[in-house]
Amino acid sequence: MEDAVLLACVPALALPADRLLGEPGLRWHPVAWMGRWLAWAGERLAPRVGEPRVLSDARVFWFAALSWCGAAAAVFALAWLFQAWVLTQPVWLAALALGFFLKPQLAWAMLHDEVLAVERALGESLDAGRAQLARLVSRDVSQLSPAQVRESAIESLAENLNDSVVAPLLWFALLGLPGAALFRFANTADAMWGYRGVRGGRDWTWAGKWAARADDVLAWLPARITALLIALPGGAAATLGRLPAEAGRTPSPNSGWPMAAMALALGVQLRKPGAYTLNPAGRTPEPPDTVRACAIGSRTVLAATLCACAALIL
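Basis of the calculations
- The residue numbers shown here count from 1 along each chain, following its written sequence.
- The predicted nature of this model means local features are confined to residues of pLDDT at least 70 and side-chain atom pairs, given and counted, to a pLDDT of 80 or more, with totals for whole chains, interfaces and linings taken over all residues.
- Side-chain measures were taken over the full set of non-hydrogen atoms in the model, leaving aside hydrogen atoms and water.
- Numbering goes from the N terminus for both helices and strands, where a helix is a DSSP run of H or I of at least four residues and a strand is a run of E of at least two.
- Throughout, exposure labels follow a simple rule: accessible area from a 1.4 Å probe, protein chains only, divided by the maximum for the residue type, with under 20% read as buried, over 50% as exposed, and the rest as partly exposed.
- In what follows, residue pairs with any heavy atoms lying within 4.5 Å of each other are defined as contacts.
- The span one expects for a helix is its residue count, reduced by one, times 1.5 Å.
- Directions pointing from the helix axis toward each C-beta atom define the arc.
- Think of it this way: the bend at a residue is just the angle between two axes, each fitted to seven residues, one set ending at that residue and the other starting at it.
- Buried residues of nine kinds, namely Ala, Val, Leu, Ile, Met, Phe, Trp, Tyr and Cys, make up a nonpolar core once their side-chain atoms join them within 4.5 Å.
- In this analysis an axis means a line fitted to C-alpha atoms, helices contributing only their contacting stretch, and an angle means the value between N-to-C directions, from 0 to 180 degrees.
- Oblique is the label for any angle not under 35 degrees, not over 145, and not in the 65 to 115 range, which are roughly parallel, roughly antiparallel and roughly perpendicular in turn.
- Note on convention: near helix rotated counterclockwise from far helix by under a right angle means a left-handed crossing. Clockwise means right-handed.
- Ten residues, namely Ala, Val, Leu, Ile, Met, Phe, Trp, Tyr, Cys and Pro, are considered nonpolar, four, namely Asp, Glu, Lys and Arg, are considered charged, and the remaining ones, Gly among them, are considered polar.
- Here a salt bridge means any side-chain nitrogen of Lys or Arg lying within 4 Å of a carboxyl oxygen belonging to Asp or Glu.
- Side-chain rings of Phe, Tyr and Trp (the six-membered ring for Trp) are treated as a pair once their centres are within 6.5 Å; stacked means planes under 30 degrees apart, edge-to-face means over 60, and tilted covers the remaining angles.
- Here, over-ring charges are defined by two tests on the NZ atom of lysine or the CZ atom of arginine: distance to the ring centre within 6 Å, and angle to the ring normal within 35 degrees.
- For the purposes of these results, a polar contact is taken to be a pair of N or O atoms within 3.5 Å, where, inside protein, one atom must be able to donate a hydrogen and its partner to accept one; residues adjacent in sequence count only when each atom of the pair is a side-chain atom.

Chemist: Now, about the overall build of the chain: what can you tell me, with residues and values included?
Modeler: When helices and strands are counted, the chain shows 13 helices and 4 strands. Based on the C-alpha atoms only, the size of the chain along its principal axes is roughly 55 × 55 × 40 Å. Burial analysis of the chain (314 residues in total) assigns 50% to the buried set. Across the chain, the fraction of contacts at a sequence separation of at least 24, relative to all contacts at a separation of at least 6, is 70%.

Chemist: Got a sec to walk through helix α2 (residues 10-21)? Specific residues and values, please.
Modeler: For α2, spanning 12 residues, the distance from its first C-alpha to its last is 16 Å, which sits close to the expected 16 Å at 1.5 Å a residue. Where α2 is concerned, the buried positions are Val10, Pro11, Ala14, Ala17 and Asp18. When α2 is viewed along its axis, its buried side chains cluster within an angular range of 115° and face the same direction.

Chemist: Provide a residue-level description of helix α8 (residues 146-175), including the pertinent values.
Modeler: Taking 1.5 Å as the rise per residue, α8 with 30 residues should run 44 Å; its terminal C-alpha atoms sit 42 Å apart, in good agreement. Along α8, the largest kink reaches about 40° and is centred on asparagine 160. At the C-terminal side of α8, glycine 176 shows a positive phi close to 75°.

Chemist: Tell me about the nonpolar core, and please be specific about residues and values.
Modeler: As a rule of thumb, soluble globular proteins bury nonpolar side chains together. Among the nonpolar cores identified, the biggest contains 55 residues, and Leu102, Leu133, Leu157 and Met262 are the most heavily contacted of them. It is α8 that contributes the most residues to this core, 10 residues altogether. Residues in contact with leucine 102, not counting those within four places in the same chain, are Val10, Pro11, Ala14, Leu169, Phe172, Leu177 and Ala180. The next biggest cluster of nonpolar side chains, apart from the first, holds 27 residues, and it includes Ala64, Ala79, Leu182 and Ala189.

Chemist: Any details on the packing of helix α7 (residues 126-133) against α8? Residues and values, ideally.
Modeler: In contact at an axis separation of 10 Å, α7 and α8 are set at 25° when each is read in the N-to-C sense. It follows that α7 is roughly parallel to α8 by the angle criterion. In this structure, the crossing between α7 and α8 has a hand that is left-handed. Together, Leu126, Gly129, Arg130 and Leu133 of α7 and Pro146, Val149, Ser152 and Ala153 of α8 make up the contact between the two elements. Residue classes in the contact of α7 with α8 are distributed as 5 nonpolar, 2 polar and 1 charged.

Chemist: Give me the pattern of salt bridges: which residues, what numbers.
Modeler: Enumeration according to the criterion identifies 16 salt bridges in this entry. Here arginine 135 makes a salt bridge to glutamate 114, at a shortest N to O gap of 2.7 Å. Here the residue arginine 135 occupies a position in the loop between α7 and α8, and glutamate 114 occupies one in helix α6 (residues 108-124), the gap between them amounting to 21 residues. Accessibility expressed as a relative area gives 57% for arginine 135, which makes it exposed. The shortest N-O distance in the salt bridge between aspartate 127 and arginine 130 comes to 3.6 Å. Taken together, the residues span about one helical turn, with aspartate 127 and arginine 130 both in helix α7 at a distance of 3 residues. Given the relative accessible area of 56%, aspartate 127 is considered exposed.

Chemist: Could you give me a rundown of the packing of aromatic side chains, with the residues and numbers involved?
Modeler: The tally for this structure, following the rule as stated, stands at 11 aromatic pairs. Geometrically, the ring pair formed by tryptophan 68 and phenylalanine 185 is tilted, given 5.7 Å between the ring centres and 55° between the ring planes. Of this pair, tryptophan 68 sits in helix α4 (residues 57-86) while phenylalanine 185 sits in helix α9 (residues 177-193), and the two are 117 residues apart along the sequence. Residue tryptophan 68 shares its accessibility class with phenylalanine 185, and that shared class is buried. Relative to phenylalanine 101, the ring of phenylalanine 82 lies with its centre 4.4 Å away and its plane at 55°, an arrangement referred to as tilted. Note that phenylalanine 82 is positioned in helix α4 and phenylalanine 101 in helix α5 (residues 91-102), a separation of 19 residues in sequence. A relative accessible area of 23% means that phenylalanine 82 is categorised as partly exposed. Judged by relative accessible area, phenylalanine 101 falls into the partly exposed class, the value being 34%. Aromatic rings pair up to connect Phe61, Trp62, Trp68, Phe185, Trp206 and Trp210 into one cluster. Taking NZ or CZ as reference, lysine 209 lies 5.0 Å from the ring centre of tryptophan 206, over its face.

Chemist: So what's going on with the packing of α8 against α9? Which residues, and what values?
Modeler: With their axes 6 Å apart at the nearest point, α8 and α9 run at an angle of 145° to one another. For the pair α8 and α9, the crossing hand works out as right-handed. Residue-level inspection shows Asp163, Ser164, Ala167, Pro168, Trp171, Phe172 and Leu175 of α8 in contact with α9, the latter providing Leu177, Pro178, Gly179, Ala180, Phe183, Arg184 and Asn187. In the contact of α8 with α9, the residues fall into 9 nonpolar, 3 polar and 2 charged.

Chemist: Can you tell me about the side chain of threonine 226, naming the residues and giving the values?
Modeler: Relative to the elements of secondary structure, threonine 226 occurs in helix α10 (residues 209-231). Of note is the side chain of threonine 226, whose polar atom sits 2.8 Å from the backbone oxygen of proline 222. Among all residues touching threonine 226, those that are not within four sequence positions of it are Leu161, Asn162, Val166, Pro258 and Thr300.

Right, dumping it as structure tokens:
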């Protein structure tokens, strides 16, 4: 029982490691390794716009799907082999090692600091705020107003609470380190391949479809858990009935849930110009709301970590 409790503390060990150690260098970061392979494979799978098409849409889709599955299986197998070896070591060493290797699958400290940095940059100038936001989001930031920059930063915080913390912790609780690594691969593949049209001179309509749907499936439950963790402790329980409708305003089946929960918890509206407005009756967010959003995020991360530890004991 003592050994089980120690191993159940792995998420609680990974969280302070995330804050104290920061992100590994790109040379050593497992997610960066995944990204390099995805970039290499994507150049060979997604057809370049304007060049003669060699493969039909169906073949592009299946080649990309099989490539995703093969790489995902390799990531899962490597993590499983490492975990199986670690678990043969003394339990204290196994717990430390698993916590150390779970940490790169989480990115709360960096996300928290980057969002606050957007607010600080906005205090200097609009251009500085836009430049800092560009580190967080892939959308064009050049025409965003100060309020829209702030809204985008809060949206990114809420969405990535799921992608960078809650979902990896859930999959770790279910499948151990291989589960967390598999989710991070799927999420990274969606970020790099999962576009609905042209990006970077390549057509991802079919090359990225499998990656996008796989991420949707793996993130479906965690996204809703993240929304609950955001809403319940912050006095927003009365708004839970509004969550499905608000989340449904976004085209994504998952990202709208934590973003809508954050909008309701803060009492603000969050907008993506030309796409959606969450909590349209809310006020425009102000500088203190960014700090409040980060505080809600910290509380959500702590709750998710404790839930993961408890699930591993049961």
